[in-house]
Amino acid sequence: KQEVTQIPAALSVPEGENLVLNCSFTDSAIYNLQWFRQDPGKGLTSLLLIQSSQREQTSGRLNASLDKSSGRSTLYIAASQPGDSATYLCAVRPGPHAGGTSYGKLTFGQGTILTVHP
Amino acid sequence: GAGVSQSPRYKVAKRGQDVALRCDPISGHVSLFWYQQALGQGPEFLTYFQNEAQLDKSGLPSDRFFAERPEGSVSTLKIQRTQQEDSAVYLCASSLVREFASYEQYFGPGTRLTVT
(Lines give C-alpha, C1' and ligand atoms only; values in the text may rest on other atoms or scores of the structure.)
Protein backbone atom coordinates (compact mmCIF):
# COMPACT_ATOMS: atom_id res chain seq x y z
CA LYS A 1 0.00 0.00 0.00
CA GLN A 2 1.37 3.40 -1.00
CA GLU A 3 2.24 5.72 1.89
CA VAL A 4 3.14 9.38 1.49
CA THR A 5 4.96 11.35 4.18
CA GLN A 6 5.61 15.07 4.30
CA ILE A 7 8.27 16.78 6.36
CA PRO A 8 8.12 19.13 8.17
CA ALA A 9 4.56 19.08 9.46
CA ALA A 10 4.73 22.81 10.03
CA LEU A 11 7.12 25.57 9.06
CA SER A 12 7.26 29.23 10.05
CA VAL A 13 9.65 31.56 8.21
CA PRO A 14 10.19 35.29 7.79
CA GLU A 15 9.23 36.90 4.52
CA GLY A 16 11.85 36.63 1.79
CA GLU A 17 13.34 33.30 2.76
CA ASN A 18 13.79 30.46 0.33
CA LEU A 19 12.35 27.22 1.65
CA VAL A 20 12.05 23.53 0.84
CA LEU A 21 9.16 21.19 1.57
CA ASN A 22 9.77 17.46 1.43
CA CYS A 23 7.61 14.58 0.31
CA SER A 24 8.49 10.88 0.30
CA PHE A 25 6.55 7.88 -0.95
CA THR A 26 7.03 4.16 -0.39
CA ASP A 27 6.08 2.72 -3.80
CA SER A 28 8.22 4.22 -6.54
CA ALA A 29 6.03 2.87 -9.33
CA ILE A 30 4.02 6.05 -9.69
CA TYR A 31 2.55 7.67 -12.75
CA ASN A 32 2.91 11.23 -11.57
CA LEU A 33 3.22 13.40 -8.48
CA GLN A 34 1.28 16.55 -7.81
CA TRP A 35 1.76 19.41 -5.37
CA PHE A 36 -1.34 21.20 -4.11
CA ARG A 37 -2.02 24.25 -2.00
CA GLN A 38 -4.94 24.38 0.42
CA ASP A 39 -6.11 27.57 2.08
CA PRO A 40 -8.27 27.38 5.23
CA GLY A 41 -11.84 26.44 4.38
CA LYS A 42 -11.02 26.06 0.72
CA GLY A 43 -10.47 23.22 -1.71
CA LEU A 44 -7.20 22.19 -3.27
CA THR A 45 -5.41 24.22 -5.89
CA SER A 46 -2.97 22.35 -8.11
CA LEU A 47 0.47 23.96 -8.17
CA LEU A 48 2.68 21.61 -10.14
CA LEU A 49 2.33 18.17 -11.70
CA ILE A 50 5.43 16.11 -12.47
CA GLN A 51 5.22 13.08 -14.71
CA SER A 52 7.22 10.04 -13.63
CA SER A 53 9.58 10.54 -16.57
CA GLN A 54 10.35 14.13 -15.55
CA ARG A 55 12.87 15.40 -13.02
CA GLU A 56 11.37 18.79 -12.27
CA GLN A 57 8.72 21.35 -13.03
CA THR A 58 8.78 25.10 -12.51
CA SER A 59 6.07 27.71 -12.18
CA GLY A 60 7.04 31.20 -11.17
CA ARG A 61 8.71 31.08 -7.74
CA LEU A 62 7.90 27.39 -7.36
CA ASN A 63 10.11 24.51 -8.40
CA ALA A 64 9.28 20.87 -7.79
CA SER A 65 11.74 18.04 -8.26
CA LEU A 66 11.14 14.32 -8.43
CA ASP A 67 13.51 11.43 -7.76
CA LYS A 68 11.25 8.50 -8.46
CA SER A 69 13.80 5.79 -7.74
CA SER A 70 14.38 7.04 -4.22
CA GLY A 71 10.75 7.93 -3.64
CA ARG A 72 11.30 11.61 -2.98
CA SER A 73 10.04 14.99 -4.15
CA THR A 74 10.80 18.50 -2.99
CA LEU A 75 8.91 21.73 -3.47
CA TYR A 76 11.16 24.76 -3.47
CA ILE A 77 9.60 28.17 -2.85
CA ALA A 78 11.81 31.15 -3.63
CA ALA A 79 11.52 34.53 -1.93
CA SER A 80 8.57 33.55 0.22
CA GLN A 81 5.71 36.00 0.79
CA PRO A 82 2.96 36.17 3.44
CA GLY A 83 0.49 35.21 0.70
CA ASP A 84 2.26 31.86 0.42
CA SER A 85 0.93 30.92 3.86
CA ALA A 86 -1.19 27.80 3.41
CA THR A 87 -1.07 24.02 3.73
CA TYR A 88 0.95 22.31 1.01
CA LEU A 89 0.03 18.76 0.06
CA CYS A 90 1.78 16.31 -2.21
CA ALA A 91 -0.07 13.44 -3.84
CA VAL A 92 0.97 10.51 -6.00
CA ARG A 93 -0.96 8.69 -8.65
CA PRO A 94 -0.28 4.97 -9.05
CA GLY A 95 1.36 3.56 -12.14
CA PRO A 96 -0.03 0.98 -14.55
CA HIS A 97 0.89 -1.89 -12.22
CA ALA A 98 -2.02 -0.85 -10.02
CA GLY A 99 -4.25 -2.25 -12.69
CA GLY A 100 -8.00 -2.24 -12.82
CA THR A 101 -9.69 0.98 -11.95
CA SER A 102 -7.40 2.35 -9.27
CA TYR A 103 -5.17 4.33 -11.51
CA GLY A 104 -6.98 7.61 -11.01
CA LYS A 105 -7.01 7.89 -7.26
CA LEU A 106 -4.46 10.04 -5.52
CA THR A 107 -2.67 9.16 -2.29
CA PHE A 108 -1.91 12.27 -0.27
CA GLY A 109 0.57 13.15 2.41
CA GLN A 110 -0.64 14.81 5.57
CA GLY A 111 0.56 18.22 4.46
CA THR A 112 2.98 20.90 5.58
CA ILE A 113 1.47 23.98 7.20
CA LEU A 114 3.49 26.98 6.04
CA THR A 115 3.37 30.36 7.74
CA VAL A 116 5.31 33.25 6.23
CA HIS A 117 5.36 36.24 8.56
CA PRO A 118 6.11 39.80 7.51
CA GLY B 1 -15.62 28.64 -16.71
CA ALA B 2 -17.28 27.26 -13.61
CA GLY B 3 -15.26 24.95 -11.43
CA VAL B 4 -16.35 22.04 -9.28
CA SER B 5 -19.06 23.08 -6.86
CA GLN B 6 -20.24 21.35 -3.72
CA SER B 7 -23.23 21.85 -1.48
CA PRO B 8 -23.86 22.42 1.28
CA ARG B 9 -20.57 24.01 2.28
CA TYR B 10 -21.23 23.29 5.94
CA LYS B 11 -23.44 20.66 7.51
CA VAL B 12 -24.11 19.96 11.16
CA ALA B 13 -25.84 16.68 11.87
CA LYS B 14 -26.86 15.01 15.06
CA ARG B 15 -25.50 11.55 15.59
CA GLY B 16 -27.73 9.05 13.87
CA GLN B 17 -29.04 11.40 11.20
CA ASP B 18 -28.64 10.74 7.49
CA VAL B 19 -26.89 13.34 5.33
CA ALA B 20 -26.52 13.88 1.58
CA LEU B 21 -23.64 15.81 0.07
CA ARG B 22 -23.77 17.05 -3.50
CA CYS B 23 -21.04 17.53 -6.08
CA ASP B 24 -21.42 19.32 -9.41
CA PRO B 25 -18.35 18.51 -11.53
CA ILE B 26 -16.98 20.60 -14.33
CA SER B 27 -19.22 20.15 -17.37
CA GLY B 28 -18.02 17.34 -19.61
CA HIS B 29 -15.70 15.81 -17.05
CA VAL B 30 -15.88 12.04 -17.25
CA SER B 31 -14.20 11.08 -13.98
CA LEU B 32 -15.39 12.03 -10.52
CA PHE B 33 -13.71 11.30 -7.20
CA TRP B 34 -14.75 11.67 -3.57
CA TYR B 35 -12.17 12.15 -0.82
CA GLN B 36 -12.49 12.48 2.96
CA GLN B 37 -10.19 14.85 4.82
CA ALA B 38 -10.01 14.60 8.59
CA LEU B 39 -8.73 17.58 10.58
CA GLY B 40 -5.00 17.98 10.18
CA GLN B 41 -4.71 15.16 7.66
CA GLY B 42 -4.43 14.84 3.93
CA PRO B 43 -7.44 13.77 1.87
CA GLU B 44 -8.14 10.06 1.62
CA PHE B 45 -9.78 8.41 -1.36
CA LEU B 46 -13.36 7.21 -0.94
CA THR B 47 -14.76 6.33 -4.35
CA TYR B 48 -14.42 6.90 -8.10
CA PHE B 49 -16.91 7.20 -10.97
CA GLN B 50 -16.36 7.05 -14.68
CA ASN B 51 -19.51 8.56 -16.13
CA GLU B 52 -22.33 6.85 -14.20
CA ALA B 53 -20.35 3.72 -13.35
CA GLN B 54 -18.86 3.46 -9.87
CA LEU B 55 -15.61 1.69 -10.68
CA ASP B 56 -13.88 1.85 -7.33
CA LYS B 57 -15.46 2.13 -3.90
CA SER B 58 -12.63 0.58 -1.96
CA GLY B 59 -12.15 3.66 0.20
CA LEU B 60 -15.66 3.84 1.62
CA PRO B 61 -15.16 3.27 5.35
CA SER B 62 -18.38 1.37 6.01
CA ASP B 63 -21.66 0.31 4.45
CA ARG B 64 -23.18 3.48 5.91
CA PHE B 65 -21.51 5.36 3.05
CA PHE B 66 -23.13 5.30 -0.36
CA ALA B 67 -22.36 7.30 -3.50
CA GLU B 68 -24.17 7.63 -6.79
CA ARG B 69 -23.91 9.46 -10.09
CA PRO B 70 -27.00 8.31 -11.95
CA GLU B 71 -26.69 10.44 -15.08
CA GLY B 72 -22.94 10.70 -15.22
CA SER B 73 -22.86 14.30 -14.05
CA VAL B 74 -23.95 15.35 -10.55
CA SER B 75 -22.92 13.01 -7.76
CA THR B 76 -24.30 12.54 -4.26
CA LEU B 77 -22.46 11.07 -1.29
CA LYS B 78 -24.87 9.80 1.34
CA ILE B 79 -23.96 8.89 4.87
CA GLN B 80 -26.52 6.99 6.91
CA ARG B 81 -26.74 7.01 10.69
CA THR B 82 -23.89 9.47 11.04
CA GLN B 83 -21.28 8.93 13.75
CA GLN B 84 -18.88 11.41 15.31
CA GLU B 85 -15.96 9.85 13.46
CA ASP B 86 -17.64 10.87 10.20
CA SER B 87 -16.84 14.51 10.99
CA ALA B 88 -14.50 15.67 8.24
CA VAL B 89 -14.31 17.71 5.07
CA TYR B 90 -15.63 15.82 2.06
CA LEU B 91 -13.91 16.84 -1.17
CA CYS B 92 -15.08 16.14 -4.68
CA ALA B 93 -12.81 16.24 -7.72
CA SER B 94 -13.39 15.80 -11.43
CA SER B 95 -11.19 15.27 -14.44
CA LEU B 96 -11.70 15.34 -18.16
CA VAL B 97 -10.20 12.17 -19.59
CA ARG B 98 -10.67 8.54 -18.68
CA GLU B 99 -7.78 7.01 -20.58
CA PHE B 100 -4.56 6.34 -18.77
CA ALA B 101 -3.03 9.66 -19.74
CA SER B 102 -1.84 12.80 -18.12
CA TYR B 103 -4.65 14.73 -16.52
CA GLU B 104 -5.37 16.87 -13.51
CA GLN B 105 -8.06 16.49 -10.94
CA TYR B 106 -9.90 19.72 -10.18
CA PHE B 107 -11.17 19.96 -6.64
CA GLY B 108 -14.26 21.59 -5.22
CA PRO B 109 -14.27 23.66 -2.01
CA GLY B 110 -15.51 20.73 0.06
CA THR B 111 -18.35 20.17 2.50
CA ARG B 112 -17.43 20.39 6.15
CA LEU B 113 -19.53 17.87 8.07
CA THR B 114 -19.75 18.11 11.84
CA VAL B 115 -21.56 15.36 13.70
CA THR B 116 -22.61 16.31 17.24
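What comes next is a walk through the structure. (Residues numbered from 1 in each chain as written. Chains lettered and ligands numbered in written order. Predicted model: local features only at pLDDT ≥ 70, side-chain atom pairs only at ≥ 80, totals over all residues. Heavy atoms only, no water.)

**Thoughts on the overall build of chain A**
And then number 1: Broken down by element type, chain A carries 0 helices and 11 strands.
And then number 2: Counting from the amino terminus, chain A carries its helices and strands in the arrangement β-β-β-β-β-β-β-β-β-β-β.
And then number 3: The C-alpha atoms of chain A give 14 Å as radius of gyration, which agrees with the globular expectation for 118 residues (13 Å, within 12%).
And then number 4: Reported as C-alpha extents along the three principal axes, the dimensions of chain A are approximately 50 × 30 × 20 Å.
And then number 5: With 118 residues in all, chain A has 44% of them scored as buried.
And then number 6: Looking at chain A as shown, the accessible area adds up to about 5300 Å², and 51% of this sits on carbon and sulfur atoms. (Helix = DSSP H or I, 4+ residues; strand = E, 2+ residues; numbered from the N terminus. Rg over C-alpha atoms; globule rule 2.2 N^0.38 Å. Buried < 20%, exposed > 50% of the residue type's maximum accessible area, 1.4 Å probe, protein only. Areas by Shrake-Rupley, 256 points an atom, 1.4 Å probe, with all protein chains shown as cover.)

**Comments concerning the packing of aromatic side chains**
And then number 1: Under the counting rule described, the total for this entry stands at 8 aromatic pairs over all chains.
And then number 2: Note on Phe108 of chain A and Tyr35 of chain B: the rings are 5.7 Å apart at their centroids and 90° apart in plane angle, and the pair reads as edge-to-face. Of this pair, Phe108 of chain A sits in strand S10 (residues 107-108) while Tyr35 of chain B is found in strand S4 (residues 31-37), placing the two residues in two different chains. For the pair shown, Phe108 of chain A and Tyr35 of chain B are each scored as buried.
And then number 3: When the centroid spacing of 6.1 Å and the interplanar angle of 80° are considered together, the rings of Phe108 of chain A and Phe107 of chain B count as edge-to-face. Of the two residues, Phe108 of chain A sits in strand S10 while Phe107 of chain B sits in strand S10 (residues 106-107), which places them in two different chains. In this structure, Phe108 of chain A and Phe107 of chain B share a single accessibility class: buried.
And then number 4: In textbook terms, an aromatic cluster arises when at least three aromatic residues are bridged by ring pairs, as seen for Phe36 and Phe108 of chain A together with Phe33, Tyr35, Phe45, Tyr48 and Phe107 of chain B. (Phe/Tyr/Trp six-rings, centres within 6.5 Å; stacked < 30°, edge-to-face > 60°.)

**Side note on the sheet that holds strand S8 (residues 75-79) of chain B**
The pairing of strands in a sheet comes from backbone hydrogen bonds and takes either a parallel or an antiparallel form.
Residues and elements named next belong to chain B.
And then number 1: Spatially, S1-S3-S8-S7 is the arrangement adopted by the 4 strands of the open sheet, whose pairing is antiparallel. For this open sheet the edge positions go to strand S1 (5-7) and strand S7 (65-68), each flanked by a neighbour on one side alone. Between one strand axis and the next, the sheet turns through 15° on average, direction left out of account.
And then number 2: In the sheet, strand S3 (residues 19-24) pairs with S8 via 5 bridges, with the strands oriented antiparallel. Bridging from a neighbouring strand, Val19 pairs with Ile79 of S8. (Pairing = 2+ DSSP bridges. Axes fitted to C-alpha atoms, helices over the stretch in contact; angles between N-to-C directions.)

**Some thoughts on the interface of chain B and chain A**
And then number 1: Facing 26 residues of chain B, the contacting portion of chain A comprises 25 residues.
And then number 2: Both sides together, the interface formed by chain B and chain A hides about 2000 Å², and carbon and sulfur atoms give 53% of it.
And then number 3: At the surface where chain B touches chain A, the tally comes to 0 salt bridges.
And then number 4: The tally of links between chain B and chain A comes to 3 residue pairs in polar contact (both at pLDDT 80 or more).
And then number 5: The residue inventory of the side of chain B that touches chain A, partitioned by class, reads 12 nonpolar, 9 polar and 5 charged. (Contact = heavy atoms within 4.5 Å. Buried area = accessible area lost by both parts, 1.4 Å probe. Salt bridge = Lys/Arg side-chain N within 4 Å of Asp/Glu carboxyl O. Polar contact = N/O pair within 3.5 Å; in protein donor to acceptor, adjacent residues only side chain to side chain. Nonpolar A, V, L, I, M, F, W, Y, C, P; charged D, E, K, R; others polar.)

**Some words on the pairing of strand S7 (residues 62-67) of chain A**
As a general feature of sheets, a regular strand has side chains that alternate between the two faces.
Residue and element names in this part refer to chain A.
And then number 1: Only one face of S7 is buried, namely the one carrying Leu62, Ala64 and Leu66, since none of Asn63, Ser65 and Asp67 on the opposite face is buried.
And then number 2: Pairing geometry for strand S6 (residues 56-59) and S7, over 4 bridges, is antiparallel. Counted as the bridge partner of Glu56 is Ser65 from S7.
And then number 3: Connecting S6 to the antiparallel partner S7 that follows it, the hairpin turn spans 2 residues, and Gly60 within it adopts a positive phi of roughly 60°.
And then number 4: The antiparallel hairpin formed by S7 and strand S8 (residues 72-77) contains 4 residues in its connecting segment, where Gly71 sits at a positive phi of about 70°.

**Points about the environment of Gln54 of chain B**
All names here are of chain B.
And then number 1: Residue placement: Gln54 occurs in strand S6 (residues 53-56).
And then number 2: With a relative accessible area of 28%, Gln54 lands in the partly exposed category.
And then number 3: Considering only alpha carbons, one finds Gln54 and Gln105, 51 residues apart in sequence, at a separation of 17 Å.
And then number 4: Ignoring anything within four residues of it in the chain, the contact list for Gln54 reads Thr47, Tyr48, Phe49, Leu60 and Ala67.

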